[in-house]
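Analysis of the macromolecular model
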Amino acid sequence: MKSPCALRLFLFPHAGGSQLLFREWSAFFPGDWRFLPQDYPGHGLLAGLPPLDDADTLVDWFLERLDAEFGDPDMPFACFGHSMGSLVAFEVTRRLVERGGPRPVWLGLSGCGAPYTSRQPVQTGELTDAELRRRLVRLGGTPPRILDDPELWSVFAPVIRADVTLVSNWRPPRRLTPLPVPLTVFHGTQDVLAPEGPLEEWADSTTDFVGVRRFEGGHFYFQDDPERLAALITGDVRRSLVRAAATRSAHRTLENDSRTA
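Described below are features of the structure shown in this document. (Residues numbered from 1 in each chain as written. Predicted model: local features only at pLDDT ≥ 70, side-chain atom pairs only at ≥ 80, totals over all residues. Heavy atoms only, no water.)

1. As for the overall build of the protein chain
Heads up, the condition is: By definition, any uninterrupted DSSP run of H or I lasting at least four residues is a helix, any uninterrupted run of E lasting at least two residues is a strand, and each is numbered from the N terminus. In what follows, a contact means two residues having at least one pair of non-hydrogen atoms within 4.5 Å. Method for areas: the Shrake-Rupley scheme with a 1.4 Å probe, in which residue coverage is limited to the protein chains shown.
Within the protein chain, the secondary structure is distributed over 7 helices and 6 strands. Along the protein chain, helices (α) and strands (β) appear in the sequence β-β-α-α-β-α-β-α-α-α-β-β-α when read from the amino end. When contacts within the protein chain are restricted to residue pairs at least 6 apart in sequence, long-range pairs at least 24 apart make up 78% of them. With the model as given, the accessible surface of the protein chain reaches about 13400 Å², and the carbon-plus-sulfur share is 52%.

Structure follows, in structure tokens:
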């Protein structure tokens, strides 16, 4: 008999990536969690769909696709994203909070600057293939066979360009209400894409900033040791679950007291 699920963990990958980024991670999380890595249109198992180059459109797509999952009030869930996936996880969480239904018990953001960190729009159509390849090599995370094989590159390049456009042109609301969701930031200390300083500015985006967890390494700091990252995620999620349960219990007590008063 299958054991009951204690939590659903949604994971969103980087630009140009897919759920394959997380293929080895499930072994490092509790056995009673549902592990739910996602693909974007045009990526991984959804390679047959056209890629999306607008953040709002992509978030709309996820809210519709995962509506039943997100709408289940009896099963807690958490969200984790890396790089572009952080942007997606953050925007999905913000929209869930706005519509007033179930929301994540915890949000983990990796390798991504805070919403109001300065961004210069990137016109990826003006980048040559060689320039785009050099950027990807500098960041790591893209298999060399994709960069070196002309046939594979012709398939992946339009998807990567769409993702880079989405990230560089993301503009959050001017007046961002802090999310009532615990938020942890993860960072590689040699990351050239997400500078060290602005990461603390994520605290302005939440009422419960857990802090920045720092790792040695670059943008894909976790590739050699995902188990350590998984352990930190697990600890933060479990603490958030305990606090959420305590809050619900306190609310029930207040409701009962008001009825008997």
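2. Looking at the packing of helix H1 (residues 55-65) against helix H3 (residues 84-99)
Two quantities define a packed helix pair, namely the angle between the axes and the distance from one axis to the other. Our working rule: The axes are straight lines fitted to the C-alpha atoms, using for helices just the contacting stretch, and the angles between their N-to-C directions are given from 0 to 180°. For any helix crossing, the convention is left-handed if the near helix is rotated counterclockwise from the far helix by under a right angle, and right-handed if that rotation is clockwise. Classification used: nonpolar for Ala, Val, Leu, Ile, Met, Phe, Trp, Tyr, Cys and Pro, charged for Asp, Glu, Lys and Arg, polar for all others including Gly.
Direction vectors running N to C along H1 and H3 enclose 65°, while the axes themselves pass 10 Å from each other. The hand of the H1/H3 crossing is right-handed. Along the contact surface, H1 presents Ala 55, Asp 56, Leu 58, Val 59, Asp 60, Phe 62 and Leu 63, while H3 presents Met 84, Leu 87, Val 88, Glu 91, Val 92, Arg 95, Leu 96 and Arg 99. Partitioned by chemical class, the residues of the contact of H1 with H3 number 10 nonpolar, no polar and 5 charged.

3. Some thoughts on the sheet that holds strand S2 (residues 33-37)
Inclusion rule: At least two DSSP bridges between two strands are required for those strands to pair.
Across the sheet, which stays open at both edges, the 6 strands sit in the order S2-S1-S3-S4-S5-S6 with parallel pairing between neighbours. The open sheet has two free edges, formed respectively by S2 and strand S6 (206-215), since each of these has just one partner strand. Strand after strand, the sheet turns through a mean of 15° between neighbouring axes, direction not considered. One ladder, built from 8 bridges, connects strand S5 (residues 179-188) with S6; its direction is parallel. Residue Leu 179 lies in a different strand from S6, and its bridge partner there is Thr 206.

4. Brief notes about the side chain of Ser 18
In this structure, Ser 18 sits in the loop between strand S1 (7-12) and S2. Apart from residues no more than four positions distant in its own chain, Ser 18 is found in contact with Pro 13, Gln 38, Asp 39, His 43 and Gly 44.

5. Focus: helix H6 (residues 150-168)
Under the convention used in this document: A helix is expected to span 1.5 Å for every residue after the first. Bend, in this description, refers to the angle at a residue between axes fitted to the seven residues ending there and the seven starting there. Burial classes follow relative accessibility: with a 1.4 Å probe on protein chains only, a residue under 20% of its type's maximum area counts as buried, one over 50% as exposed, and anything between as partly exposed. By the criterion applied in these results, polar contacts are pairs of N or O atoms within 3.5 Å in which, for protein atoms, one can donate a hydrogen and the other can accept it, and in which residues neighboring in sequence qualify only through two side-chain atoms.
Taking 1.5 Å of rise per residue, the 19 residues of H6 would be expected to cover 27 Å, and the 26 Å separating its terminal C-alpha atoms lies within 8% of that figure. Of all the bends in H6, the largest measures some 35° and sits at Phe 156, one to four residues before the proline Pro 158. Among all positions in H6, only Trp 153, Ala 157, Val 159, Ile 160, Arg 161, Ala 162, Asp 163, Thr 165, Leu 166 and Ser 168 are buried. Its side-chain oxygen 2.8 Å from the backbone nitrogen of Glu 151, Asp 149 forms the N-cap of H6.

6. Observations regarding the nonpolar core
Inclusion rule: Nonpolar cores are built from buried Ala, Val, Leu, Ile, Met, Phe, Trp, Tyr and Cys residues. Side-chain atoms within 4.5 Å join them into one set.
Counting 37 residues, the largest nonpolar core has Phe 62, Val 88, Leu 107 and Trp 202 as the members making the most contacts within it. Broken down by secondary-structure element, the contributors of at least two residues to this core are S1, H1, strand S3 (77-82), H3, strand S4 (107-110) and S5. Among the elements that take part in this core, H3 stands out by supplying 7 residues, more than any other. When residues no more than four places from it in sequence are discounted, the contact partners of Trp 202 are Phe 90, Leu 109, Cys 112, Gly 113, Ala 114, Pro 115, Leu 183, Val 185 and Phe 209. Of all hydrophobic cores here, the second largest spans 21 residues; its members include Leu 7, Ala 78, Trp 106 and Leu 229.

7. Some remarks on H1
Looking at H1, one finds that the buried residues are Ala 55, Leu 58, Val 59, Trp 61, Phe 62 and Leu 63. Contacts made by the buried residues of H1 are with S1, helix H2 (67-70), H3 and H6. Backbone nitrogen of Asp 56 and a side-chain oxygen of the N-cap are separated by 3.3 Å at the start of H1; the cap is Asp 54.

8. Here's the deal with the environment of Leu 183
Residue position: Leu 183 is located in strand S5. What makes Leu 183 buried here is its relative accessible area of 0%. In this structure, the C-alpha to C-alpha distance between Leu 183 and Leu 109, residues 74 residues apart in sequence, is 7.5 Å. Discounting chain neighbours no more than four positions away, the residues touching Leu 183 are Leu 107, Leu 109, Trp 202, Thr 206, Asp 208, Phe 209, Val 210 and Gly 211.

9. Thoughts on the pattern of salt bridges
Put simply, the rule reads: Should a side-chain nitrogen of Lys or Arg be within 4 Å of a carboxyl oxygen of Asp or Glu, the pair is scored as a salt bridge.
Considering all chains together, one arrives at 10 salt bridges under this definition. For the salt bridge of Arg 34 with Glu 69, the shortest nitrogen-to-oxygen distance reads 2.9 Å. Placement of Arg 34 in strand S2 and of Glu 69 in helix H2 is noted, with a sequence separation of 35 residues between them. For Arg 34, a relative accessible area of 34% puts it in the partly exposed group. One salt-bridge network, held together by shared partners, links Arg 8, Arg 34 and Glu 69.

10. Focus: the packing of aromatic side chains
The condition is simple: Stacked, tilted and edge-to-face pairs are distinguished by plane angle, under 30 degrees for stacked and over 60 for edge-to-face with tilted covering the rest, among Phe, Tyr and Trp rings (Trp via its six-membered ring) whose centres lie within 6.5 Å. Whether a charge sits over a ring comes down to the Lys NZ or Arg CZ being within 6 Å of the ring centre and within 35 degrees of the ring normal.
Throughout the structure, instances matching the rule amount to 18 aromatic pairs. Relative to Phe 80, the ring of Trp 25 has its centre 5.8 Å away and its plane inclined at 55°; by these criteria the two rings are tilted. One end of the pair, Trp 25, is in the loop between S1 and S2; the other, Phe 80, is in strand S3, and 55 residues separate them in sequence. The interplanar angle of 85° and the centroid separation of 5.0 Å between the aromatic rings of Tyr 221 and Phe 222 together place this pair among those described as edge-to-face. One aromatic cluster in this structure is built from Phe 22, Trp 25, Phe 80, Trp 106, Phe 186, Phe 215, Phe 220, Tyr 221 and Phe 222. Its end group placed over the ring of Phe 215, Arg 228 keeps NZ or CZ at 4.2 Å from the ring centre.

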